[in-house]
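Descriptive analysis of the structure
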Amino acid sequence: MIKSLTNIIIPKYKLNYNIERDKNIIQASLAKNIKLPFSCRSGVCGTCKAKIIKGKVNLNTKINHVLTESDIENNIILTCQAEAASDLLELEMLSPVANQIIVGKPKELISEILSVKQITQEIKLICISVSKRFAASPNQLSYMEIIIPGMDVSDKYYIFNNYNGDNLLHEGTITLYVKNSKNLITNNYLNKNLLAGEIITIKGPFLENNIPIFMNSPTLFLSKDSHTIKTLNIIRELLLTGFKEPIMIISYFIDIKNIILMEEMHRLQFLYKNFTYKISLLNKASSTSSRFLLGSISKNINKIFPNLSSHYIYINGDDYFIIETKKKIIELNAKDESIYIELNN
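As the structure is a prediction and not an experimental result, all values here were calculated from the model. (Residues numbered from 1 in each chain as written. Predicted model: local features only at pLDDT ≥ 70, side-chain atom pairs only at ≥ 80, totals over all residues. Heavy atoms only, no water.)

Let's talk about the overall build of the chain
On a plain count of helices and strands, the chain comes out with seven helices and 21 strands. Here the chain has a C-alpha radius of gyration of 22 Å; the compact-globule value for 345 residues is 20 Å, and the two agree. Based on the C-alpha atoms only, the size of the chain along its principal axes is roughly 70 × 50 × 35 Å. For the chain, long-range pairs separated by at least 24 residues make up 70% of all intrachain contacts whose partners lie at least 6 apart in sequence. Accessible surface, the chain: about 17,500 Å² in total, of which carbon and sulfur atoms supply 51%. Distance between charge centroids for the chain: 3 Å, based on 40 positive and 32 negative side chains. (Helix = DSSP H or I, 4+ residues; strand = E, 2+ residues; numbered from the N terminus. Rg over C-alpha atoms; globule rule 2.2 N^0.38 Å. Contact = heavy atoms within 4.5 Å. Areas by Shrake-Rupley, 256 points an atom, 1.4 Å probe, with all protein chains shown as cover. Lys, Arg positive; Asp, Glu negative; His and termini not counted. Charge placed at Lys NZ, Arg CZ, Asp CG, Glu CD.)

If you want it as structure tokens, here you go:
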């Protein structure tokens, strides 16, 4: 049986996550390691009251006696009783939400680099040590920072381990894709210190707040080069929520030597019947294999999707890629409100 999902948004606390609709909002949120305010969980105390800003809920015939006529007129519900009933549900909690909602508070860790693989000219894959107590929550996009002396701002390095239920499978290590930085100081530090046996300081895991709101509709991801790292990680997390609509990623690379994460795309396609992927190459001479599309995504996408009016579309790449790609998908009837553009610095 396919379970329907709802995107919960609580703007004041920057919460954005998916829940299943077969449980009340409190229970479904706890299943995602999100602790909203509650006390009795029986519908009599009112601690869990929330105002609906957008969306619908199903109150069924459950206990809602604590709600006054004024509460009901103002779209106030008990989240311990109400079940989500729409693709999107935006809430305003009437009781304070605890600051430490997500399991796994970011911490500084001293880690040893165990291996370094040069994936492309710009990207390294590093494996670093972590303690048994290191934890990151599934269904959340998690990243680490590498602490660099003299630098206040750090780049984001997304965790690429797998999950087992509610636990990160790290077995004492985590894997990060590290891209060359735009900052010269950062690049010099990474080139000097990203070597097997070296000790570095990392901080995390952090949760990425800059993520789209996914609806229950066919979803298309379009990414270019290293932007595929974050894009594929979002797809991994989306699949873990039980999302059942068709998902496809089309990744665009300069040539075959710059392809990354193809093995992870293949793994996801093997595990999930609703996921497929394609790779497009700019340099036609780089491969004679019919496995790859030749040319930019904007030149190929109409061969795959002649009409995109029913799709939700995520685009992640440089400015030119975004402009060119968006123009083409609009020509294929994509709706502007169903297009998410990843904002990159």
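Some remarks on the sheet that holds strand E19 (residues 293-294)
The strand order across the open sheet formed by six strands is E19-E18-E17-E16-E20-E21, and the pairing between neighbours is parallel. Every interior strand has two partners, whereas the edge strands, E19 and strand E21 (339-341), have only one. The pairing of strand E17 (residues 247-253) with strand E18 (residues 275-281) spans seven bridges and is parallel. When the sheet's bridge partners are listed, Ile249 is paired in E18 with Tyr277. Running over the sheet, helix H4 (residues 228-240) touches strand E16 (219-224), E17, E18 and strand E20 (312-316) and is turned about 170° from E17. (Pairing = 2+ DSSP bridges. Axes fitted to C-alpha atoms, helices over the stretch in contact; angles between N-to-C directions.)

What to know about the packing of helix H6 (residues 297-304) against helix H7 (residues 319-331)
H7 packs onto H6 with a crossing angle of 30° between their chain directions and a minimal axis gap of 9 Å. In terms of axis orientation, H6 runs roughly parallel to H7. The handedness of the crossing between H6 and H7 is right-handed. Mapping the contact onto sequence places Ile297, Ser298, Ile301 and Asn302 in H6 and Phe321, Glu324, Lys328 and Ile329 in H7. Residues of the contact of H6 with H7, tallied by class, amount to four nonpolar, two polar and two charged. (Parallel < 35°, antiparallel > 145°, perpendicular 65-115°, else oblique. Left-handed = near helix turned anticlockwise from the far one by under 90°. Nonpolar A, V, L, I, M, F, W, Y, C, P; charged D, E, K, R; others polar.)

A word on the side chain of Thr120
Tracing the backbone shows Thr120 in the loop between strand E8 (107-118) and strand E9 (123-129). Classification of Thr120 as buried rests on a relative accessible area of 6%. Beyond its immediate stretch of four places on either side in the chain, Thr120 contacts Lys257, Asn258, Ile259 and Ile260. (Buried < 20%, exposed > 50% of the residue type's maximum accessible area, 1.4 Å probe, protein only.)

Here's the deal with the pattern of salt bridges
Oppositely charged side chains can pair when the atoms bearing their charge come close. What the rule picks out here adds up to eight salt bridges. Note that Lys49 and Asp71 form a salt bridge whose closest N and O atoms lie 2.8 Å from each other. Here the residue Lys49 occupies a position in strand E3 (residues 49-54), and Asp71 occupies one in helix H2 (residues 69-73), the gap between them amounting to 22 residues. Take Lys49: its relative accessible area is 17%, and that puts it in the buried class. (Salt bridge = Lys/Arg side-chain N within 4 Å of Asp/Glu carboxyl O.)

Some words on unusual backbone geometry
A cis amide bond links Gly204 with the next residue in sequence, Pro205, at an omega value of -5°. Considering the arrangement of structural elements, one finds Pro205 in strand E15 (residues 199-207). The backbone phi angle of Asp225 is positive, close to 50°, even though this residue is not glycine. Of note, Leu261 is a non-glycine position whose phi angle comes to about 65°, a positive value. Looking at where Leu261 falls in the secondary structure, it is placed in the loop between E17 and helix H5 (262-271). The buried category is assigned to Leu261, whose relative accessible area is 2%.

Details of the packing of aromatic side chains
Counted under the stated rule, the structure contains six aromatic pairs. Ring centres of Tyr314 and Tyr340 lie 5.7 Å apart, and the angle between their planes is 5°; on these two criteria the pair is classed as stacked. Linking Tyr314 in strand E20 with Tyr340 in strand E21, this pair joins segments that are 26 residues apart in sequence. Overall, the relative accessible area of 0% leaves Tyr314 in the buried class. Take Tyr340: its relative accessible area is 17%, and that puts it in the buried class. Cluster of aromatic residues (ring-pair linked, three or more members): Tyr143, Tyr158 and Phe206. (Phe/Tyr/Trp six-rings, centres within 6.5 Å; stacked < 30°, edge-to-face > 60°.)

Points about the side chain of Ser223
Assignment of secondary structure puts Ser223 in strand E16. For Ser223, the side chain forms a polar contact with the side chain of Thr228, separated by 2.9 Å. Non-local contacts of Ser223, meaning those with residues more than four positions away in its chain, are made with Thr228, Thr231, Ile249, Ile250, Ser251, Tyr252, Ile297, Asn316 and Phe321. (Polar contact = N/O pair within 3.5 Å; in protein donor to acceptor, adjacent residues only side chain to side chain.)

Quick notes on the sheet that holds E9
Either a parallel or an antiparallel arrangement is found when strands of a sheet pair, and the pairing is made through backbone hydrogen bonds. As summarised here, the arrangement of the six strands in space is E11-E10-E15-E8-E9-E14, forming an open sheet in which the pairing is antiparallel. With one partner strand each, in any of the chains shown, strand E11 (157-158) and strand E14 (173-179) form the two edges of the open sheet. Bridging between strand E10 (residues 142-146) and E11 involves two bridges; their strand directions are antiparallel. Paired with Met144 across the two strands is Tyr157, which belongs to E11.

Just geometry here; none of it tells us what the structure is for.
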